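As a plain string of letters, each chain reads:
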Amino acid sequence: FLFYMCLLIIASVFLVCTAYVHKTHNTWSPPLNKNGYAVLVLDEKIQYWTSRIHASGADKAYAELATVIERYPSQYQHDEVHIFGDVLYRTEGLRGISTCDGRFGYACFHSFMIRALAGDGAASSQQLYDICRQTLGASSPECEHGIGHGLLATIKNDATIEDLSGALSACD
């Protein structure tokens, strides 16, 4: 079950959803589909959130994202926030984790940790774990969950049950 959950989360990081951005302080407006969701490709989303984090800071960019996606179905919200978490790590490094919160199924934390472990390697998992626990609190299981996603992703994208065993042994 955990294996399939991990695959589902990892796959959602790579899915490009419909949906995206209503820019309040920018003259550019993305094209909308018939449901009113912005239609952008992944690279455009990455560029947009990178520029918003640089322009207004991570917390304000995350608040903007939350406002933009509030009318989206929950799975689309989760997918969009996965993209943001990835960009957040690329832009802010480990300090960016304090921007993430539990909304949207912890998607920000999950993709942040996947990107952090992919960039810094499994050796950084303890530091990442400590920072996450400071942010979420000691009673939250989401730090372990997110690090598990990250460890699995660093091992292999098309993971098998054997790869899952390897990721779990890295937790020890």
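Above this text you will find the structure in question.
Given the structure is predicted, the values throughout are model-derived calculations rather than measurements.

All right, on to the side chain of E92 then. Turning to its location among the elements, E92 is positioned in helix 4 (residues 74-92). The exposure class of E92 is buried, given its relative accessible area of 18%. The residues touching E92, leaving out its near neighbours within four places in the chain, are I53 and A58.

Our focus in this paragraph is the packing of aromatic side chains. Evaluated as defined, the whole model comprises six aromatic pairs. Taking 5.3 Å as the distance between ring centres and 40 degrees as the angle between the ring planes, the aromatic pair formed by Y62 and F84 counts as tilted. Here Y62, found in helix 3 (residues 58-69), pairs with F84, found in helix 4; they are 22 residues apart in sequence, far enough to count as distant. Where Y62 meets F104, the ring centres are 6.5 Å apart and the plane angle is 90 degrees; that geometry is what we call edge-to-face. Residue Y62 is found in helix 3, and its partner F104 is found in the loop between helix 4 and helix 5 (107-120); the two are separated by 42 residues along the sequence. We note that Y62, like F104, is buried. Among the aromatic residues, those joined into a cluster by ring pairs are Y48, W49, Y62, F84 and F104.

Right, let's talk about the pattern of salt bridges for a bit. Summed over the entire model, instances satisfying the criterion amount to seven salt bridges. With its nearest N and O atoms 3.4 Å apart, the salt bridge here joins E92 to R95. Taking the relative accessible area as the measure of exposure, R95 reaches 60% and is therefore exposed. Linking E144 and R133 is a salt bridge whose minimum nitrogen-to-oxygen distance equals 3.1 Å. A residue pair is termed long-range when its members are at least 10 positions apart, and E144 in helix 7 (residues 142-155) and R133 in helix 6 (residues 125-136) qualify at eleven residues. Among the charged side chains, a network of salt bridges with common partners joins D86, R90 and R115.

Attention now goes to helix 5. Between its first and last C-alpha atoms helix 5 spans 20 Å; for 14 residues at 1.5 Å apiece the expected length is 20 Å, and the two agree. Extensive coverage of helix 5 is indicated by the burial of ten of its 14 residues. Among all positions in helix 5, only A107, C108, F109, H110, S111, F112, M113, I114, A116 and L117 are buried. Following helix 5 by one or two positions, G121 adopts a phi angle in the positive range, close to 85 degrees.

What follows covers the state of the cysteines. Throughout the structure, instances matching the rule amount to two disulfides. Note that C100 is cross-linked by a disulfide to C108, the S-S spacing being 2.2 Å. Linking C100 and C108, the disulfide has an S-S dihedral of approximately -55 degrees and is accordingly described as left-handed. Note on accessibility: C100 and C108 belong to one class, buried. The disulfide partner of C132 is C143, and the S-S distance across this bridge is 2.1 Å. Negative torsions about the S-S bond denote left-handed disulfides, and the value of about -90 degrees found for C132 with C143 makes this one left-handed. Of the two residues, C132 is situated in helix 6 and C143 in helix 7; the sequence distance between them amounts to eleven residues. There is no split in this pair, since C132 and C143 are both buried.

So, how was this worked out
Residues numbered from 1 in each chain as written. Predicted model: local features only at pLDDT ≥ 70, side-chain atom pairs only at ≥ 80, totals over all residues. Heavy atoms only, no water. Helix = DSSP H or I, 4+ residues; strand = E, 2+ residues; numbered from the N terminus. Buried < 20%, exposed > 50% of the residue type's maximum accessible area, 1.4 Å probe, protein only. Contact = heavy atoms within 4.5 Å. Phe/Tyr/Trp six-rings, centres within 6.5 Å; stacked < 30°, edge-to-face > 60°. Salt bridge = Lys/Arg side-chain N within 4 Å of Asp/Glu carboxyl O. Expected span 1.5 Å × (residues − 1). Disulfide = S-S within 2.5 Å.

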